[in-house]
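Now for the letters of each chain:
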Amino acid sequence: MTDKQVYLPASGISKEVILTEMQAARSRDVDWRDGRVFSLVFKANDDVTGLLKDAYGMFFSENGLNPTAFPSLRRFETEVIAMVGNLLGGQGTAAGNMTTGGTESILMAMLTAREWGRATRPKIKQPEVVLPSSAHPAFDKAAHYFGLKLVRVPVGDDLRADVAAMRRAVNMDTVLVVGSAPSYPHGVVDPIADIAALAQERKLLCHVDACVGGMMLPFVRRLGYPVPDFDFTVPGVTSISVDLHKYGYAAKGASVILYRDKALRRYQLFATTDWAGGIYASPTMTGTRPGGAIAAAWAIMNYLGERGYLQIAAEVMRTTVRLRDGVNAIDGLRILGNPPMSVMAIASDRDNVYEIGDEMSVRGWQLDRQQFPPTLHLTVNYAHTAVADAFLMDLAQSVIAARQPSLRRSGNEAAVKAARGAAKVLPGRLVSGLTGRASALFGGDDGLPQRSAAMYGMMGTLPNRGDLHELVLDLLSSFTES
Ligand SMILES: *Cc1c(COP(=O)(O)O)cnc(C)c1O
């Protein structure tokens, strides 16, 4: 954040100056290239990246909005959807669209459920969606945008959806049940066959969120690892979301929403015939769609092919097994549940994992912190194949370091205790101020928290979640203020 106002420069600046400045601006970005970051970036190898850039650049200016103007993009999109559909048991009948990401794919599945409910269950005033507590926040976003009611059901001890509890949550207003393959927080695959059977029994739609798993699980299974059924081969599954910009290794802005058949997909489509600008139709949320993302996805899928994806999956799974076994071998740490692929969560029954996360940050590893229960998140990808041993060594060191008494750590504990005590007696607004100050207090001097254990410790225990919600919105709003 800067204090000075930024205006459009009166006259343009030279390319060299601009590029130099942009390069300098990246200096504090997370460096994902050396495999020390465990989220946000999925990369295969330089060869793949080169092709992505070429394909993206070739269709840099084209717009996927109008399929009649660019038959090339239409062909790429149709073939990408068919390839993903055929990978996921949708042979010949599945229909769908490319979107800009998992969130948009999930938004589309939720919109379709609402529109399907309006058409087939006209008595429903507010349609409801029953889903496990672990399902992605994109479902909350969709409910927020489209006026659906979410009924989140706590997961079982194995961190998978509790289908008996979901069954109890289904009522006359339910239109959709959801499962993840796998869930993002813990990487476990929900009992999709049971969820889909529930959907069939109650004549509901069933969405499988395979955003992170859809381009990985089919290959993991072919490699011989056990993978539960999760796709259109399961009767009752009516839609699936699959991100290509994750384990599909496509350029960002590429995902697929698939429906079991065209009739269901129709509820997703939008058209208006009364606009001065002519008849306007669009299948997904966005109007203009970057042609580059569509073209790059098509290119990479054809370049890697089944064998390429299998090879990458084999390496990623080898690394995953090494990391899983290595984490479990560290005294006090364990991987939660039974994740069948390369997404997992590290928990500790003995130590404060947020302190361990801070020690890992100091050693240059970027791990997302999770809550309920506190864990550190791992999304293993190709970039990690070379660093697994270094990671495990630093993790073991971090556990030891986190156990050392230190002034800072006891300061953290005191701060958390004080905040918990204060939170009980202070009005909500003041608690916000307190946590806000805490994050500044424990953050690095550039506002990026190096040491965040105290902040997470506090936030996880705040009794007033509504207040935390406001605090987070304040932060989000401040991110783009100059
Ligand atoms: C990443 C992810 C999403 C959201 O996808 P975006 O591309 O970030 O919008 C949804 N569900 C799961 C399981 C995911 O891993």
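Please read these numbers as outputs of a predicted model, since none were measured by experiment. In every chain, residue numbers begin from 1 and rise along the written sequence. It should be noted that, the model being predicted, local features are given only for residues of pLDDT at least 70 and side-chain atom pairs only at 80 or more, the latter also being counted only at that level, while totals for whole chains, interfaces and linings use all residues. The basis for every side-chain value is the complete set of non-hydrogen atoms in the structure, without hydrogens or water.

**Brief notes about unusual backbone geometry**
Here is step 1: With an omega of -10°, the peptide bond running from Ala 181 to Pro 182 counts as cis.
Here is step 2: Numbered from the N terminus, helices here are DSSP runs of H or I no shorter than four residues, and strands are runs of E no shorter than two. Within the secondary structure, Pro 182 sits in the loop between strand 4 (174–180) and helix 7 (192–201).
Here is step 3: Following Phe 372, the chain continues to Pro 373 via a peptide bond in cis, the omega torsion being 0°.
Here is step 4: Following the sequence through the fold, Pro 373 ends up in the loop between strand 12 (368–370) and strand 13 (375–379).
Here is step 5: The backbone of Leu 159 shows a phi angle near 70°, a positive value even though the residue is not glycine.
Here is step 6: Relative to the assigned elements, Leu 159 resides in the loop between strand 3 (149–153) and helix 6 (163–169).
Here is step 7: Summary of the burial criterion: residues with accessible area below 20% of their type's maximum are buried, those above 50% are exposed, and those between are partly exposed, where the area comes from a 1.4 Å probe applied to protein chains only. Judged by its relative accessible area of 11%, Leu 159 is buried.

**Concerning the nonpolar core**
As a rule of thumb, nonpolar side chains are buried together in soluble globular proteins.
Here is step 1: One finds Val 84, Val 177, Met 215, Leu 244 and Phe 391 to be the most contacted residues of the largest nonpolar core, which totals 97 residues.
Here is step 2: Ranked by residue count, the leading element in this core is helix 10 (residues 291–329), at 16 residues.
Here is step 3: Here a residue-residue contact requires only that any non-hydrogen atoms of the pair lie within 4.5 Å. When residues no more than four places from it in sequence are discounted, the contact partners of Val 177 are Val 130, Met 166, Val 170, Ile 195, Leu 198, Ala 199, Leu 204, Leu 205, Cys 206 and His 207.
Here is step 4: Of all hydrophobic cores here, the second largest spans 27 residues; its members include Ile 124, Ala 135, Ile 257 and Tyr 259. In this description, a nonpolar core means a group of buried Ala, Val, Leu, Ile, Met, Phe, Trp, Tyr and Cys residues linked to one another through side-chain atoms lying within 4.5 Å.

**A short note on the environment of Gln 126**
Here is step 1: Tracing the chain through its elements places Gln 126 in the loop between helix 4 (102–120) and strand 2 (128–132).
Here is step 2: Through-space distance from the C-alpha of Gln 126 to that of Leu 148 is 6.3 Å; in sequence the pair is 22 residues apart.
Here is step 3: The contacts of Gln 126, once residues within four sequence positions are left out, are Gly 147, Leu 148, Lys 149 and Asp 173.
Here is step 4: At 3.4 Å, the side chain of Gln 126 forms a polar contact with the backbone oxygen of Gly 147. Whenever two N or O atoms come within 3.5 Å, that pair is a polar contact, provided that in protein one can donate a hydrogen and the other can accept it, and provided that, for residues adjacent in sequence, both atoms are side-chain atoms.

**Describing the sheet that holds strand 12**
Here is step 1: Two strands qualify as a pair provided that DSSP identifies no fewer than 2 bridges between them. Taken in spatial order, the four strands make up an open sheet running 10-11-13-12, and their pairing is antiparallel. In this open sheet, the two edge strands, each paired with only one partner strand, are strand 10 (333–335) and strand 12. In this sheet, neighbouring strand axes are inclined to one another by 35° on average, regardless of whether the strands run parallel or antiparallel.
Here is step 2: Judged from the three bridges that link them, strand 10 and strand 11 (residues 343–348) form a sheet pairing that is antiparallel. Opposite Ile 335, over in strand 11, you have Ile 346 as the bridge partner. Working convention: axes come from line fits to C-alpha atoms, limited for helices to the stretch in contact. Angles between N-to-C directions cover 0 to 180 degrees.

**Details of the site of the ligand**
Here is step 1: Around the ligand, the surrounding shell holds 13 residues, and the nearest of these are Gly 102, Thr 103, Asp 209, His 245 and Lys 246.
Here is step 2: Contact between the ligand and Gly 102: an oxygen atom at 2.9 Å from a main-chain N or O atom of the residue.
Here is step 3: Lys 246 is positioned such that a nitrogen or oxygen atom in its side chain is 3.0 Å from an oxygen atom of the ligand.
Here is step 4: Relative to its unbound accessible area of 380 Å², the ligand is 85% covered by the protein chains.
Here is step 5: No other element matches the three residues that helix 4 contributes to the shell around the ligand.
Here is step 6: In the scheme used here, Gly and all other residues not listed as nonpolar or charged are polar, with Ala, Val, Leu, Ile, Met, Phe, Trp, Tyr, Cys and Pro taken as nonpolar and Asp, Glu, Lys and Arg as charged. When the residues that make up the shell around the ligand are grouped by side-chain class, the tally is five nonpolar, five polar and three charged. Near, as used in this document, describes a residue that has one of its heavy atoms within 4 Å of the molecule or strand being considered. A 1.4 Å probe and the Shrake-Rupley method give the accessible areas. Residues count as covered only by the protein chains that appear here.

**Some words on the packing of helix 2 (residues 46–58) against helix 10**
Here is step 1: Two elements in contact, helix 2 and helix 10, have axes whose closest approach is 8 Å; the angle formed by their N-to-C orientations is 140°. If you check the angle between helix 2 and helix 10, you find them oblique. Here helix 2 and helix 10 pass one another in a crossing that is right-handed. Along the contact surface, helix 2 presents Asp 47, Val 48, Leu 51, Leu 52, Ala 55 and Tyr 56, while helix 10 presents Gly 292, Ala 293, Ala 295, Ala 296, Ala 299, Ile 300, Tyr 303 and Leu 304.
Here is step 2: Tallied by class, the residues present in the contact of helix 2 with helix 10 amount to twelve nonpolar, one polar and one charged. Here roughly perpendicular refers to angles of 65 to 115 degrees, roughly parallel to angles under 35, roughly antiparallel to angles over 145, and oblique to all remaining angles. Working rule for handedness: look at the near helix, and if it is turned counterclockwise from the far one by less than a right angle, call the crossing left-handed; if clockwise, right-handed.

**Details of the pairing of strand 3**
Here is step 1: By the bridge criterion, five bridges tie strand 2 to strand 3 in an arrangement that is parallel. Residue Val 130 lies in a different strand from strand 3, and its bridge partner there is Val 151.
Here is step 2: If the strands point away from the viewer and the path from the first strand over the helix to the second runs clockwise, then the crossover is right-handed. Each parallel crossover has a hand, and the one from strand 2 via helix 5 (residues 138–146) to strand 3 is right-handed.

**Description of helix 11 (residues 353–362)**
Here is step 1: Across the ten residues that make up helix 11, a large majority, nine, are buried.
Here is step 2: The N-terminus of helix 11 is capped by Asn 352, whose side-chain oxygen sits 2.9 Å from the backbone nitrogen of Tyr 354.
Here is step 3: The positive-phi residue at the C-terminal boundary of helix 11 is Gly 364, with phi of around 90°.

**Considerations on the sheet that holds strand 2**
Here is step 1: Judged by pairing direction, the sheet is mixed, and its seven strands sit side by side in the order 1-7-6-5-4-2-3 without closing on themselves. Each edge of the open sheet carries a strand with a single partner, namely strand 1 (95–99) and strand 3. Across the sheet, the mean angle separating the axes of adjacent strands is 20° when strand polarity is ignored.
Here is step 2: Pairing analysis gives three bridges linking strand 5 (residues 205–209) to strand 6 (residues 239–243), with the strands arranged parallel. If you follow Val 208 over to strand 6, its bridge partner there is Ile 240.

**Considering the pairing of strand 1**
Here is step 1: Taken across its five residues, strand 1 has five buried, putting it largely inside the fold.
Here is step 2: Of the two faces of strand 1, the one holding Ala 95, Asn 97 and Thr 99 and the one holding Gly 96 and Met 98 are both buried throughout.
Here is step 3: Of the strand pairs in this sheet, strand 1 and strand 7 (residues 255–259) are connected by five bridges, and their pairing is antiparallel. Looking across to strand 7, one finds that Thr 99 is bridged to Ser 255.

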